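Observations on chain architecture
As a plain string of letters, each chain reads:
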Amino acid sequence: MSVADKLGSGSSFGRIPRSGQRSERGRAKAVAQGDIPEYELVRLPLAEVSPTPLNPRRNFGSEAELTEFGEKLRKVQLAACTAVTRAVYLKLWPDHEDRIGSAQFVLVNGERRYRAALQVGLEALDFVVRDELAVSREEFIDNLLKENLDREDFDAIERARGVQELVAVCHGNQSAAATRLGKDRSWVTNQLALLTLPEEVQALLSAGEMAERDGRQLARRLKENPALDAADLVSLWKEIKAQEAAQREENKELLRAAREAQMLSADNTTTTQEPSHARSSPDTVLSADNTDEPAKDNADVLSADNTETSEPSTSGAIPHQGSEATDGAGGESSNVLLLRQLLGETAADQAAALAEAFSAEELTALLEALSIRA
């Protein structure tokens with residue numbers, strides 16, 4: 001058995017029969033009887049196949065990567081490529097005739113497999129031919145995108161170009177395109193916004209050097225100020241990243257300081273530890289509620305309802321505050337209020353701030369420490 005005959009022998013194709021020399025009439029009868037599925041696994045010479053010019057994907061890997069992948073395909077092809085016939089494709093895009101040449105089939109997905117096979121000199125690959133994927137332009141683009149949208153190596157600009165093509169065949173209707181992709185309309189809008197950026201910025205997104213969220217932020221800035229050029233946007237991006245890094249570091253330091261300075265009491269309120277000698281000072285005694293009470297001749301004392309009252313003093317001493325400062329309305333400690341100010345009011349804001357400020361290991365250690373003290 002030749003190497004070419006071994007192509008496509010992977011277990012994933014076990015239930016898909018290969019077509020032989022079956023006539024169209026015989027095939028139609030077999031499909032109607034349920035003897036074979038609507039599409040069969042076929043071996044197609046690569047010389048008869050053309051990629052579609054509509055594929056938004058541009059990065060298929062380096063020559064070395066394609067060669068490595070091609071050698072794997074030489075041993076076994078675990079997934080078939082998908083194609084439609086020339087006639088069906090040209091019915092949708094007659095202006096592509098020159099671009100696909102004499103090819104009898106046009107790829108819907110599997111172009112990387114196709115390119116890798118050519119790289120190592122393979123003559124054929126396994127395909128399924130599914131003309132039903134090209135019943136309309138919208139259907140064809142939709143199926144063209146589905147394989148690639150969630151791929152890690154499908155970069156942000158490639159994805160945005162694909163979405164743009166789908167919106168175009170949906171006559172500019174972003175909502176219709178979003179429905180086809182199972183996304184929100186705002187997601188489609190954000191994808192298209194990336195294509196408004198200068199090519200230099202798009203290149204950073206394609207290379208993975210700039211995060212997609214940063215690209216969206218720059219697109220908003222560009223919309224607000226169309227006079228910004230590529231250099232301005234890159235400079236703005238670097239400035240934003242520097243500010244974010246500084247803010248993260250500041251948050252880390254504040255949270256670390258708060259963690260080191262405070263401990264949780266049994267009732268989960270924040271208390272400040274005092275040196276033991278302070279509790280034995282002749283100027284202070286413990287009141288009935290176990291709070292430090294200064295001598296009556298030179299400071300404030302707690303009244304019967306535990307509020308601070310002032311007694312006449314000639315020494316001019318600063319009124320003494322207890323070991324826990326609270327606000328009058330909610331009874332929360334000032335340290336708790338400080339932490340809320342740093343982390344945010346809602347649980348979501350607090351979680352986001354902690355995740356930004358600490359690594360997973362630091363958060364685990366913090367939670368363990370708090371659990372022990374609680």
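Here we summarise the structure given alongside this text. (Residues numbered from 1 in each chain as written. Predicted model: local features only at pLDDT ≥ 70, side-chain atom pairs only at ≥ 80, totals over all residues. Heavy atoms only, no water.)

Before going further, it helps to examine the overall build of the chain. Within the chain one finds 17 helices and 11 strands. Put simply, 63% of the contacts in the chain that link residues at least 6 apart link residues at least 24 apart. Counting only carbon and sulfur atoms, one obtains 50% of the accessible surface of the chain, whose full area is about 22200 Å². (Helix = DSSP H or I, 4+ residues; strand = E, 2+ residues; numbered from the N terminus. Contact = heavy atoms within 4.5 Å. Areas by Shrake-Rupley, 256 points an atom, 1.4 Å probe, with all protein chains shown as cover.)

With that settled, consider the packing of helix H8 (residues 156-169) against helix H9 (residues 174-181). At a minimum axis distance of 8 Å, the contact between H8 and H9 shows a crossing angle of 120°. The angle between H8 and H9 places the two elements in the oblique class. In this structure, the crossing between H8 and H9 has a hand that is right-handed. Only Gln174, Ala177, Arg180 and Leu181 of H9 make contact with H8, whose side of the interface consists of Val163, Leu166 and Val167. Counted by class, the contact of H8 with H9 contains five nonpolar, one polar and one charged residues. (Axes fitted to C-alpha atoms, helices over the stretch in contact; angles between N-to-C directions. Parallel < 35°, antiparallel > 145°, perpendicular 65-115°, else oblique. Left-handed = near helix turned anticlockwise from the far one by under 90°. Nonpolar A, V, L, I, M, F, W, Y, C, P; charged D, E, K, R; others polar.)

Attention now goes to helix H3 (residues 63-75). End to end, H3 covers 19 Å across 13 residues, agreeing with the expected 18 Å (1.5 Å per residue, within 8%). When we look at burial in H3, the residues that qualify are Leu66, Gly70 and Leu73. Axial view of H3: buried residues confined to an arc of 55°, hence all on one face. H3 presents Ala64 and Lys75 as exposed residues on the side facing more than 90 degrees away from its buried surface. (Expected span 1.5 Å × (residues − 1). Buried < 20%, exposed > 50% of the residue type's maximum accessible area, 1.4 Å probe, protein only. Arc of directions from axis to C-beta.)

This part covers the sheet that holds strand E1 (residues 41-45). Adjacent strands of a sheet form backbone hydrogen bonds with each other and so pair up, either parallel or antiparallel. Within the open sheet, the five strands sit side by side as E1-E5-E3-E4-E2. Their pairing is mixed. Either end of the sheet is taken by a strand with one partner, and the two such strands are E1 and strand E2 (49-50). Pairing analysis gives three bridges linking strand E3 (residues 81-85) to strand E5 (residues 124-129), with the strands arranged parallel. Directly across from threonine 82, in E5, lies its bridge partner valine 128. Relative to strand E4 (residues 105-109), helix H6 (residues 111-119) is tilted by about 120°, and along the sheet it contacts E2, E3, E4 and E5. Seen against the sheet, helix H7 (residues 137-146) touches E3 and E4 and runs at an angle of roughly 55° to E4. (Pairing = 2+ DSSP bridges.)

Now for the packing of helix H10 (residues 185-194) against helix H12 (residues 212-224). Relative to each other, H10 and H12 sit at 80°, their axes nearing to 9 Å. The orientation of H10 relative to H12 falls into the category roughly perpendicular. Of the residues in H12, those in contact with Asn190, Gln191, Ala193 and Leu194 of H10 are Glu212, Gly215, Arg216 and Ala219. For the contact of H10 with H12, a count of residues per class yields three nonpolar, three polar and two charged.

We now examine the side chain of glutamate 138. Structurally, the position occupied by glutamate 138 is in helix H7. Arginine 180 provides the closest opposite charge to the buried, unpaired glutamate 138, separated from it by 5.4 Å. Apart from residues lying up to four places away in sequence, glutamate 138 is in contact with Leu166, Val169, Cys170, His171 and Arg180. (Lys, Arg positive; Asp, Glu negative; His and termini not counted. Salt bridge = Lys/Arg side-chain N within 4 Å of Asp/Glu carboxyl O.)

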